[in-house]
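Report on the structure
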Amino acid sequence: MNKRSFGVLAPVVLWLSFFMVIPMLAVIFVSFMQRDNLGNIVWTFSLDNYARFFEPLYLGIYWDTIWLSVLTTVFCLLLSYPLAYYMTTLGPKAQKFWLIGITVPFWINFLIRTYAWIILLRTQGVVNSLLMDIGLISEPLQMLYTQGAVLLGMVYTFIPYMVLPIYVSLEQMDKRLLEASSDLGASRWRSFWHITLPQTKSGMMTGSVLVFVTTTGMFVVADILGGAKSQMISNIIQNQFLGARDWPFGSALSVIFVISSLVIIGLFNRALRSSYDSSKEAKA
Amino acid sequence: MKKLKWYAVILAGLLAVTALAGCSSKSQETLNLYSWADNFDMDVIKKFEDENNVKVNYAIFANNEELLAKIKAGGSEYDLIQPSDYMVASMIKQDLLAELDLKNIPNFKNVADRFKNPEFDPGNKHSIIYTSGVTGIAYNTKYVKEPITSWADLWSEKYKGKVLLLEDNREVIGMALKKAGKSNSTTNEADINAAVDDLRKLVPHVLAFDTDSIKQKMMQEEGWIGTLWSGDAAYVKAENPDVEYVVPKEGGTIWSDNYAIPKGAKNKALAEKFINFMLDPENSAKNYESIGYSDPNTAAKSFHSKEYNDNKMINLSEDELGRTEWLLDVGDKIQLYDRLWTELKSGR
Amino acid sequence: MKTAQASKRHPWLSIHSFLLMAFIYIPVLLIIVFSFNDSRMSTSWSGFTWKWYSTLFDNRTVMEALSNSLTIAFTSTIISTVLGTMAALAIRKMQNRGKQGVIGLLYMPIVVPDIIMGLSLLILFSQLKMDLGKMTVIIAHITFSISYVYVIVSSRLANMGKQLEEAANDLGASSWQTFRFVTLPSIWPGVIAGALIAFTLSIDDFMISFFVSGPNSTTLPIYIYGSVKRGISPEINALCTIMIVVSVMLIILAQWLLGRGKSDKEKGGSLLPF
């Protein structure tokens, strides 16, 4: 790396070292400590907090969280890709309009949006009334406070995190390749599968990482739309600070959470790099 | 050179931020109030500001534990906070509260005797009550035809899938303990375990756990029966007259929100002045009339409207208040409560 | 070009996109409708009213929270977009081992749970004896927004060849000129998308803001989370409606203003988002 790019990078590295690394080092330190009856930290070394994570109770909750996040990511990807693709077929003005159109609703407070879903989905809500009026159902459906409602809320919340990166990578795609392939008589699906999809891998990967990681950290949706009947790992973390007053255990859970998330991102990135390299070779 | 340009841009940005953040006026004395949202009538606060030529900064927290974590981690710029009963006890134990000077708060004499000298703060050394309520059962008479008298009624098969519970381990486990005739703050592990085993039978009937918007769920008839605070019940009843409220015969949990001053507050005298102002009968009546919570101020009774004084959910009877119990700090056992609660909700 | 593309558009693609957009806007429409609802509990319809719009402007707490939120969101978006883009550009040029470490560092704010970030920053600020206020909230928001901007801009860079920049260099362009006229225009959509995400995150953040805010810097999410307990006032629906309408109007205005000067958009290279 040359001197100039070091100069460009330095402010960011300094910023994050100061406001992220130093606090996290403190968190790691606390994760090896214990607590007293009042919830104050006792400065004696212990590995108990890490051992506690491996109890079936917490492992099970962690597994549930991962599973929900995988589902959310897959649904977001399947729904967002066609939308992002559609956006790139529009004129430049319309593209920008859609781009902003897709983010503006998310400037409305998250809680307000989520409570709007409650008004829509509850037993005497908008959807049930509509369905009963047209005679599709005779009894209202219990849609709220189910896993389905949680998934819907999650997908809804994270769609822009998927659409934006995919759009960004689709938009720069070399359209001449597509024209060439259709000139050569390739079907629409074949060109999509062999040309478009590989070129937008980085966007899909970025979107998936963002959605996956932020879903694992998001429990308010599960609390509101799921009726707080199930727990996610981030509920447990939060409870240690705002409830059980066990900061060391909460810190240990967070350290495990951060490391496992970074590993997942690393794997994603590796997959991205190897596939990117192979697609470049294929082109050459 | 170009690098310099970038740094200049960033520096300018940062400076602009500092300037923006630092431009608050400091000419007036300010009271930094830290409380629940919409917990005061803003006109009464305005009156206090005008009479004393001060400014009140009203910052907001959403639950007790957030308040504690923030104060503990060094958020020390508040002059007056409003913790609930058990949180007052925890904060006293952790030496986070300053002692009140009751000489500066002569209107303290207006507080009802029942709420003076509470268990969680003997002698009102650190706190004065602001408002209180009791956790009881709310039920919708459209769907619930039997008379409700006991916590055991929540377990009835008839209300399967329509039961609402507070999203709070101490409240719910405490409720099951009261049902079994124990103290809601017991530290006896066998009693706690037995109560949680009992709750395991109730959880499959539960529609949702909720604290903040449980009243909307009652109002909209999503839930038929559930645990509810008396003040919230008054709120629901106003919108949906079918909803009734009862303090079960086994007794319920009483709670209060209080005034307290954190240690190291810069403006302790002004905070005490504010408490005294709010305890003035006329101001008190105007304030509680507007926010709709119960008023512990006996002298204010004559200033309240008839409608307010007649509301049975805001003004609970001595009989109902007589069978209530405060939630006390359970020390180390909070871990057990938390763990059993996690197990209960995750079905493990 | 445009028509050639349009002909390639499958009808199902348009249908899907419009349906998805409708899905996104359904709750928004509901919020707008309920901002005209007479009942204080926004649970069922009980008649049309304008009153929440008039009481909104008298609500001191909400107006202060709104102005705090906007100040914080605009400032943190601008700074984090610049920093995040710089990071993405610099990391792209890195070859050595440090690269993975720096990337890991940049992902940290995304993976650290909000409560940990909020609390640990609060402890840091109080150790430094910094007064809690808008400044501390802005710092916290920049810290997490940098990462999101970086991730999006670098996904744009991942597919970008270096040929153009090298050619510009060979032709004697200074590195500033190369950046200004070659690199920046081609990553611009990524920068805009990154800024949009940064703004969205900032305006909606609760947990971190809660811990690092002071007596004078209550943000809109902090107010809204707090007021759930008493039932969120329809004034908030009115506020959301105004925010949506104003954003849409600003977008249209910007399109119109900037569209007048330029007739030939197809040439691209425009430095402005519209």
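Every value quoted in this text rests on a predicted model; they were computed, and no experiment measured them.

1. Regarding the overall build of chain B
- A count of helical and extended segments in chain B gives 13 helices and 10 strands.
- Its C-alpha atoms put chain B at 75 × 60 × 40 Å along the principal axes.
- Counting over 348 residues, chain B shows a buried share of 59%.
- Contacts spanning at least 24 positions in sequence make up 72% of the contacts within chain B whose residues lie at least 6 apart.
- Put simply, chain B has 43 plus and 53 minus side-chain charges, and the middle of one group is 4 Å from the middle of the other.

2. Quick notes on the overall build of chain A
- Helix and strand content of chain A: 13 helices and 2 strands.
- A principal-axis box enclosing the C-alpha atoms of chain A has dimensions of 75 × 70 × 35 Å.
- The 284 residues of chain A split such that 59% are buried.
- Put simply, of all contacts in chain A between residues at least 6 apart along the chain, 65% involve residues at least 24 apart.
- As presented, chain A carries roughly 11,700 Å² of accessible surface, and 69% of it is formed by carbon and sulfur atoms.
- Here chain A holds 19 positive side-chain charges and 14 negative ones, and the gap between their average locations is 10 Å.

3. Re the domain arrangement of chain A
All names here are of chain A.
- One can read the domain layout of chain A as domain 1 (1-31) and domain 2 (45-283).
- For domain 1 and domain 2, the distance between their C-alpha centroids amounts to 28 Å.
- On the domain 2 side, the residues contacting the 5 residues of domain 1 number 9 residues.
- For the pair domain 1 and domain 2, the two sides together bury roughly 470 Å², of which 69% comes from carbon and sulfur.

4. Notes on the side chain of Ser31(A)
- Take Ser31(A): it is sitting in helix α1 (residues 3-31).
- Discounting residues that sit within four places of it in the chain, Ser31(A) has contacts with Ser46(A), Asn49(A), Tyr50(A), Pro248(A), Ser251(A), Ala252(A) and Val255(A).

5. Some points on the packing of aromatic side chains
- Applying the stated criterion across every chain, the model contains 49 aromatic pairs over all chains.
- Taken together, Phe40(B), Phe48(B), Tyr58(B), Tyr130(B), Tyr259(B), Phe274(B), Phe277(B) and Tyr288(B) form an aromatic cluster joined through their ring pairs.
- Over the ring of Phe209(B) we find Lys345(B), and its NZ or CZ is 5.2 Å from the ring centre.
- Against the face of Trp36(B) rests Lys229(C), its NZ or CZ located 4.3 Å from the ring centre.

6. Quick word on the interface of chain B and chain A
- Contact residues are listed per partner, giving 38 residues for chain B and 41 residues for chain A.
- Counting each side, the surface lost to burial between chain B and chain A is near 3,300 Å², with a carbon and sulfur contribution of 48%.
- One salt bridge in this structure joins Glu65(B) and Arg245(A), with 3.0 Å as the shortest N-O distance.
- Where chain B meets chain A, there are 15 residue pairs in polar contact (both at pLDDT 80 or more).
- Of the residues contributing to the side of chain B that touches chain A, the split by class is 13 nonpolar, 8 polar and 17 charged.

7. Notes on a nonpolar patch on the surface
Residues and elements named next belong to chain A.
- On the surface, a cluster of nonpolar side chains totalling about 550 Å² of accessible area is made up of Trp63, Trp67, Val70, Val74 and Leu78.
- With respect to the element layout, Leu78 can be found in helix α3 (residues 56-88).
- For Leu78, a relative accessible area of 58% puts it in the exposed group.

8. Topic: the interface of chain A and chain C
- On the side of chain C, 100 residues touch chain A, which itself brings 91 residues to the contact.
- Summing both partners gives a buried area of about 8,900 Å² for chain A against chain C, and 77% of it is carried by carbon and sulfur.
- Of all residues in chain A, Trp15(A), Trp107(A) and Ile112(A) bury the most surface against chain C, accounting for 8% of the area lost on that side.
- At the boundary of chain A with chain C, the tally comes to 2 salt bridges.
- Residues Arg156(C) and Glu171(A) are paired through a salt bridge, measuring 2.8 Å at the closest nitrogen-oxygen approach.

9. Some points on the nonpolar core
- Ranked by size, the top nonpolar core spans 295 residues in total, and within it Leu154(B) and Phe274(B) carry the most contacts.
- The element best represented in this core is helix α7 (residues 147-171) of chain A, accounting for 16 residues.
- Residues contacting Phe274(B), with those up to four places away along its chain left out, are Leu31(B), Leu33(B), Phe40(B), Ile45(B), Phe48(B), Leu80(B) and Tyr259(B).

10. Overview of the pairing of strand β1 (residues 29-35) of chain B
Residues and elements named next belong to chain B.
- A large share of β1 lies buried, amounting to 5 of its 7 residues.
- The sheet contact formed by β1 and strand β2 (residues 54-60) spans 7 bridges and is parallel. Bridging across to β2, Leu31 finds its partner in Val56.
- Between the parallel pair β1 and β2, the chain is carried across by helix α2 (residues 42-52), and the sense of this crossover is right-handed.
- The pairing of β1 with strand β3 (residues 80-81) spans 2 bridges and is parallel. Each residue of the ladder has a partner; that of Leu33, found in β3, is Leu80.

11. Looking at the side chain of His141(C)
- With respect to the element layout, His141(C) can be found in helix α7 (residues 134-158).
- The contacts of His141(C), once residues within four sequence positions are left out, are Ile72(C), Ser76(C), Ser202(C), Asp205(C) and Ser209(C).

12. Focus on the environment of Ile129(B)
All names here are of chain B.
- You can see Ile129 is positioned in strand β4 (residues 127-140).
- Under the relative-accessibility criterion, Ile129 is labelled buried at 4%.
- In this structure the C-alpha to C-alpha distance between Ile129 and Pro118, which are 11 residues apart in sequence, comes to 9.0 Å.
- Not counting chain neighbours up to four residues away, the residues in contact with Ile129 comprise Val111, Phe115, Ser256, Asp257, Asn258, Tyr259 and Pro296.

13. Considering the pattern of salt bridges
- This model, assessed by the stated rule, comprises 34 salt bridges over all chains.
- Notably, a salt bridge pairs Arg200(B) with Glu343(B), separated by 3.8 Å at the nearest N-O pair. On the criterion of sequence distance, the pair formed by Arg200(B) in helix α6 (residues 189-202) and Glu343(B) in helix α13 (residues 334-346) is long-range, its members being 143 residues apart.
- On the accessibility criterion, Glu343(B) (16% relative accessible area) is buried.
- Shared partners join several salt bridges into a network, and the residues in it are Glu55(A), Asp197(B), Arg200(B), Arg339(B) and Glu343(B).

About the cut-offs
- Residues numbered from 1 in each chain as written.
- Chains lettered and ligands numbered in written order.
- Predicted model: local features only at pLDDT ≥ 70, side-chain atom pairs only at ≥ 80, totals over all residues.
- Heavy atoms only, no water.
- Helix = DSSP H or I, 4+ residues; strand = E, 2+ residues; numbered from the N terminus.
- Buried < 20%, exposed > 50% of the residue type's maximum accessible area, 1.4 Å probe, protein only.
- Contact = heavy atoms within 4.5 Å.
- Lys, Arg positive; Asp, Glu negative; His and termini not counted.
- Charge placed at Lys NZ, Arg CZ, Asp CG, Glu CD.
- Areas by Shrake-Rupley, 256 points an atom, 1.4 Å probe, with all protein chains shown as cover.
- Domains from an automatic or database assignment.
- Buried area = accessible area lost by both parts, 1.4 Å probe.
- Phe/Tyr/Trp six-rings, centres within 6.5 Å; stacked < 30°, edge-to-face > 60°.
- Lys NZ or Arg CZ within 6 Å of the ring centre and 35° of its normal.
- Salt bridge = Lys/Arg side-chain N within 4 Å of Asp/Glu carboxyl O.
- Polar contact = N/O pair within 3.5 Å; in protein donor to acceptor, adjacent residues only side chain to side chain.
- Nonpolar A, V, L, I, M, F, W, Y, C, P; charged D, E, K, R; others polar.
- Patch = residues over 30% accessible without salt bridge, like charges linked within 9 Å, V, L, I, M, F, W, Y side chains within 5 Å.
- Core = buried A, V, L, I, M, F, W, Y, C linked by side-chain atoms within 4.5 Å.
- Pairing = 2+ DSSP bridges.
- Right-handed = clockwise from strand over helix to strand, strands pointing away.

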